[in-house]
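An overview of the molecular structure
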Amino acid sequence: MHRLRTCATRLRPITASQTAQSQQRPAAHNRTLQPSRRFTSPVAAEPFLNGTSSNYVEEMYFAWLENPKSVHKSWDIFFRNANAGAPPGAAHMSPPPLGTSLASLTQAQSLVGAQPNVEKLVEDHLAVQSLIRAYQIRGHHVAQLDPLGIMDADLDSSIPSDIITSSDKLGFYGLDESDLDKVFRLPTTTFIGGDESALPLREIIRRLEMAYCQNIGVEFMFINDLDQCQWIRQKFEKPGIMHFTLEEKRTLLARMIRSTRFEEFLQKKWSAEKRFGLEGCESLIPALKTVIDKSSEKGVEEVIMGMPHRGRLNVLANVIRKELEQIFCQFDSKLEAADEGSGDVKYHLGMYHRRINRVTDRNITLSLVANPSHLEAVNPVVQGKTKADQFYCGDNDGNRVMSILMHGDAAFAGQGIVYETFHLSDLPSYSTHGTVHIIVNNQIGFTTDPRMSRSSPYPSDVARVVNAPIFHVNADDPEAVMYVCNVAAEWRATFHKDVVVDLVCYRRYGHNEMDEPMFTQPLMYKQIKKQKGVMQKYGERLIAEGSVTRQEYEEEIAKYDKICEEAHARSKDEKILHIKHWLDSPWPGFFTLDGQPKSMSCPSTGLSEEELTHIGQVASSVPVDDFTIHGGLSRILKGRGEMIRNRTVDWALGEYMAFGSLLKEGIHVRLSGQDVERGTFSHRHHVLHDQNVDKRICIPMNHIDANQAPYTVCNSSLSEYGVLGFELGFAMASPNALVLWEAQFGDFHNTAQCIIDQFICPGQAKWVRQNGIVLLLPHGMEGMGPEHSSARPERFLQMCNDDPDLFPKITDDFAVHQLHNCNWIVVNCSTPGNYFHVLRRQILMPFRKPLIVFTPKSLLRHPEAKSNFDEMISGTHFQRVIPDAGPAAQNPEGVKRMIFCTGKVYYELTKERKTREMEDSVAIIRMEQLSPFPFDLVKSETEKYPNADLVWCQEEHKNQGYYDYVKPRIRTTIDRVKPVWYAGRDPAAAPATGNKKTHLSELNRFLNTAFNLEAFKEHE
């Protein structure tokens, strides 16, 4: 009731002093002031002052206060009456009944004049407000979006009942045809009036149709920010706002010609080649160029793009401006590959180019990130690279670096990675401050009809979850496309939030140029065959309106055709294919000019004792005053301090030493993943939380040195696919950063398998693109069941590119050459010291390789899993193999068995060996680096123990873990003179048992096998 009473309060008589103040609308917080005058009649005496209409009456009253002529005459009379002192029930008067005497009538009119039916008037104004809102919410459902005119872009042929498509539908609002010429005051939530504050209903409907029901459909009313909604309304509702200069039209036509003739040239020259052309959506090129132009105007200096294969060559040629001959020579089957690796098909390759933007005359850097056929997988990679480039240039608001993502309609709706990437868009450590998404909406996915490929009305509906406005546009209207893209770029520059442009188009050929679409979409493709191309339609339109002459149009076509022909002639001189010319993330200064490492050696990864002590002291302290930490954490920090005094480190401290030392050397370290700030197993505690002040945190790692690089540690969303892709992109941007992604448990990395299989494992082979990302995957059989035990090492090892049957040539720098030639490094460290070294080696190597680390769980607190400073000081290195240093090594001739193992099982083996008093007869050798395989060190170890049989022991099941990888390589190392026996769990479908008793019995069984010197006699 308080709003209703407030409105009535405002309708009291105003004094002369109040009149002067009335020119300024009262602030919102003043609207609840109590009335200074009491009415004798209740507020309910005014029949139209109900909860719905009081807002409207209040708006009218404020308008009347500012200018009495700005409101309808009836409102003027009403407000004059109210301010003349009329009680609430008398200010509004219905028209007098027939037969009323003249004297009575004069008396009734004496307040000001005869009243129209104000109640009806208010209802009609409210109806018009509802009508305007209906167009704003649902106008896009009747917009003319399909260039073919045969599909409903929202998959629904019905028309919303509150959209006026015929005069009889006015009845929905209590209006009829006689109201069409009545003038209605416009609410503040629309801009269709332009400079006018009131319009006839007929004109209101016409302008709403022009704004929301033509070739642009706007979805924005779900956004919960009023300023953002008002901004969009202004961009689409203002009369005449879609105006283009002659120069803009001619530029648009020239871009359409280049987009169209490029595809026609490829079709003419290589009609039997797959190229995934852009025919049917040629407007994409001017759309992209418009976004880039407007963004450049707003201050953007770098744009990073990701896209699927359709139209990629056109984007490379006409947006990034890759030399045409470099593109055309890709079609030559006789071209030899100059780079190592497998290469990739032409419509997957990326590009990096810095050039002048001709519209703004400013420098702009454009990158198109290489990607696999796995649609949408590149999205988080682009976002990660964008975030990194923003970070390195200090662009905290995304004003200088931005991303553009292109999508297909079926993939945007169907691929979950789209949703995962959207949910990174507003997270502090992942936000890129707004991405422009452009959907190439073919209205078909390969052969699948949209009605079978999505449940939502539009393919773009997933974007609604982050309040991104969605602009649907008919791609056969280039001017509408250009306008929408200008608005999208302005939105991103203004609000730094995501925005979606849905280019509703068609696909002139099949999924690729060899495909026959008539099998599955006969009616659609009959219409497509009749469809005139958008370049031709737009050219004819400009000729008809006199913007260009036919001669100018034809000359522009001939000019670009000539450019293509000349480039084609030059392309025939190309004999060698250089994939490095298609690099999307160059690292200037890191390699030699021909892309090779500057050296083939790796310095010591150790540190001075002073550095170790200093970093340890930071790790065991709270470097901020008046900061109250949790009591349990105080004990942990105290324990760290004690270890430092004893010159030892546990796993958490070993990691701290590696990170801290790199930061001190100017290397940015970024650790990301689920719960990484504290650590899944509560061991890390890199972010301290004040127990008394909410949201007050301290990151001691950023207090190591005054000149250190910043440390970023961030808990991620509960996503593996999206977040690992993001971190991969971040690591692409610079070689001088240690970027790590940690899985909550190693088992969960398989939901990011696409990033691992398509980007991390073969990235360098396909795209000559090195990457030093580190995957930390907690792994170990500890009775925690099948989903909390295994990081699936067998999968990573299976994808290693070294030859199990070839013993390599051993040289002085063999270890570094091995690392240089591998596709990734796989390690399972058993000591904190070795973990420290392998992390530092990632940066000190003269090249970059992905590093897969199977990290421990129980070893985090194992009393024996500690390292002395002596293992980490200057001159020390990562140990690929850790030999046995006990009694067995003192008398190698007497050793009966060599057990090779890796990781946590070492501690179970040594405990069992000690229990059985077999330290002099069984040697246990730890293989810390599994790939590249340490052939040289394994050879020296096997030669050290000539009388010992060889056993590989693992806690994983036989068909999992490492056995299938190490067995043939050990056999190759020893010239197959001995078998390599197996001690471990039997083959199984699941990674681990869920039963604790079974787990322990399996452990006892394989330990018995490992130490039973007679166990394999019967098999010899």
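To keep things clear, this report deals only with the structure shown in the data block. (Residues numbered from 1 in each chain as written. Predicted model: local features only at pLDDT ≥ 70, side-chain atom pairs only at ≥ 80, totals over all residues. Heavy atoms only, no water.)

**Description of the overall build of the chain**
The helix and strand tally for the chain stands at 35 helices and 28 strands. Taken along its principal axes, the extent of the C-alpha atoms in the chain is 135 × 75 × 50 Å. Every one of the 1020 residues in the chain was classed for burial, and the buried ones make up 57%. Pairs at least 24 apart in sequence give 80% of the contacts found in the chain among residues at least 6 apart. Accessible area of the chain: about 41700 Å², with a carbon and sulfur share of 50%. (Helix = DSSP H or I, 4+ residues; strand = E, 2+ residues; numbered from the N terminus. Buried < 20%, exposed > 50% of the residue type's maximum accessible area, 1.4 Å probe, protein only. Contact = heavy atoms within 4.5 Å. Areas by Shrake-Rupley, 256 points an atom, 1.4 Å probe, with all protein chains shown as cover.)

**Here's the deal with the environment of Asp-397**
Inspection of the secondary structure puts Asp-397 in the loop between α14 (378–392) and β8 (401–408). Distance in space between the C-alpha atoms of Asp-397 and His-496 is 7.6 Å, their sequence separation being 99 residues. Beyond its immediate chain neighbours, meaning those up to four positions away, Asp-397 contacts His-433 and His-496.

**Some words on the packing of aromatic side chains**
Applying the stated rule across the entire model yields 35 aromatic pairs. Ring plane angle 50° and centroid distance 5.2 Å describe the contact between Phe-236 and Phe-471, whose orientation is recorded as tilted. You can see Phe-236 sitting in helix α9 (residues 226–237) and its partner Phe-471 sitting in strand β10 (residues 470–474), a full 235 residues away along the chain. Overall, the relative accessible area of 7% leaves Phe-236 in the buried class. Ring geometry for Tyr-430 versus Phe-726: centroids 5.1 Å apart, planes at 65°, classification edge-to-face. Of this pair, Tyr-430 sits in the loop between α16 (416–422) and β9 (435–441) while Phe-726 is found in helix α25 (residues 721–733), placing the two residues 296 residues apart along the sequence. For the pair formed by Tyr-430 and Phe-726, the shared burial category is buried. Clustering of aromatic rings is evident, with ring pairs tying together Phe-262, Phe-265, Trp-270, Phe-328 and Phe-331. The ring of Phe-730 carries the charged tip of Arg-670 above its face, separated from the ring centre by 4.6 Å. The residue whose ring lies beneath Lys-939 is Phe-807, and the NZ or CZ to ring-centre distance is 5.5 Å. (Phe/Tyr/Trp six-rings, centres within 6.5 Å; stacked < 30°, edge-to-face > 60°. Lys NZ or Arg CZ within 6 Å of the ring centre and 35° of its normal.)

**Thoughts on the sheet that holds strand β14 (residues 668–673)**
Read from one edge to the other, the open sheet built from 7 strands follows the order β17-β14-β18-β19-β21-β20-β26, with strand pairing classed as mixed. Both outer strands of the open sheet, β17 (711–715) and β26 (929–931), are each paired with one neighbouring strand and no more. The sheet shows a mean angle of 20° between the axes of neighbouring strands, taken without regard to direction. Most of the contacts of helix α30 (residues 832–844) go to strand β18 (residues 737–742), to which it runs at about 130°, and overall it touches β18, β19 (774–778), β20 (825–827), β21 (851–855) and β26. (Pairing = 2+ DSSP bridges. Axes fitted to C-alpha atoms, helices over the stretch in contact; angles between N-to-C directions.)

**As for the pairing of strand β3 (residues 216–219)**
Residues Ile-216 and Val-218 of β3 are buried on one face, and the alternating residues Gly-217 and Glu-219, pointing to the opposite face, are buried as well. With 4 bridges connecting them, β3 and β10 associate as antiparallel partners. Residue Glu-219 lies in a different strand from β10, and its bridge partner there is Ile-470.

**As for unusual backbone geometry**
In this chain, Ser-931 is followed by Pro-932 through a cis amide linkage whose omega measures -5°. Phi is positive for Lys-695, close to 70°, though the residue is something other than glycine. Relative to the helices and strands, Lys-695 resides in the loop between β15 (688–689) and β16 (697–698). Notably, Arg-792 is not glycine yet its phi reads approximately 55°, a positive angle.

**Things to note about the packing of α9 against helix α18 (residues 478–495)**
As a packed pair, α9 and α18 sit with axes 11 Å apart at the nearest point and diverge in direction by 155°. Here α9 lies roughly antiparallel to α18, going by the angle between them. Relative to α18, α9 is oriented so that their crossing is right-handed. Residues Asp-227, Gln-228, Trp-231, Ile-232, Lys-235 and Phe-236 of α9 form the contact with α18, whose own contacting residues are Tyr-483, Val-484, Val-487, Glu-490, Trp-491, Thr-494 and Phe-495. Residues that form the contact of α9 with α18 fall into these classes: 8 nonpolar, 2 polar and 3 charged. (Parallel < 35°, antiparallel > 145°, perpendicular 65-115°, else oblique. Left-handed = near helix turned anticlockwise from the far one by under 90°. Nonpolar A, V, L, I, M, F, W, Y, C, P; charged D, E, K, R; others polar.)

**Re the packing of helix α10 (residues 246–269) against helix α21 (residues 550–571)**
Remark: α10 packs on α21, axes separated minimally by 9 Å, with the N-to-C direction vectors making an angle of 45°. With respect to α21, the axis of α10 lies oblique. In the packing of α10 onto α21, the handedness of the crossing is right-handed. Between α10, through Arg-250, Leu-253, Ala-254, Ile-257, Arg-258, Arg-261, Phe-262, Phe-265, Lys-268 and Lys-269, and α21, the contact on the second element is made entirely by Glu-552, Tyr-553, Glu-556, Ile-557, Tyr-560, Asp-561, Ile-563, Cys-564, Glu-565 and His-568. Of the residues assigned to the contact of α10 with α21, the class counts are 10 nonpolar, 1 polar and 9 charged.

**Points about the side chain of Glu-219**
Its place among the elements puts Glu-219 in strand β3. Within the structure, Glu-219 has its side chain in polar contact with the side chain of Arg-464 (distance 2.6 Å). A distance of 2.6 Å separates the side chain of Glu-219 from the side chain of His-472, its partner in a polar contact. Not counting the four nearest positions on each side in its chain, Glu-219 is found in contact with His-140, Tyr-458, Ser-460, Asp-461, Arg-464, Pro-469, Ile-470 and His-472. (Polar contact = N/O pair within 3.5 Å; in protein donor to acceptor, adjacent residues only side chain to side chain.)

**Considerations on α30**
Here α30 spans 18 Å end to end across 13 residues, near enough to the 18 Å set by a 1.5 Å rise per residue. Counting buried positions along α30 gives 12 out of 13 residues, so the element sits mostly inside the fold. Regarding α30, the residues found buried are Pro-832, Gly-833, Asn-834, Tyr-835, Phe-836, His-837, Val-838, Leu-839, Arg-840, Arg-841, Gln-842 and Ile-843. (Expected span 1.5 Å × (residues − 1).)

**As for the sheet that holds strand β11 (residues 499–504)**
Paired through backbone hydrogen bonds, the strands of a sheet run either parallel or antiparallel to each other. A sheet is described by the order of its strands in space; here 8 strands give the open sequence β3-β10-β11-β9-β8-β4-β7-β6, paired in mixed fashion. Unpaired on one side and paired on the other, β3 and β6 (351–357) mark the two borders of the sheet. Averaged over all adjacent pairs, the angle separating strand axes in this sheet is 20°, with direction ignored. Note that strand β4 (residues 302–306) and β8 share 5 bridges and pair parallel. Within β8, the position partnered with Glu-302 by the bridge is Val-401. The strands that α18 touches are β3, β8, β9, β10 and β11; relative to β10, the one it contacts most, it runs at about 165°.

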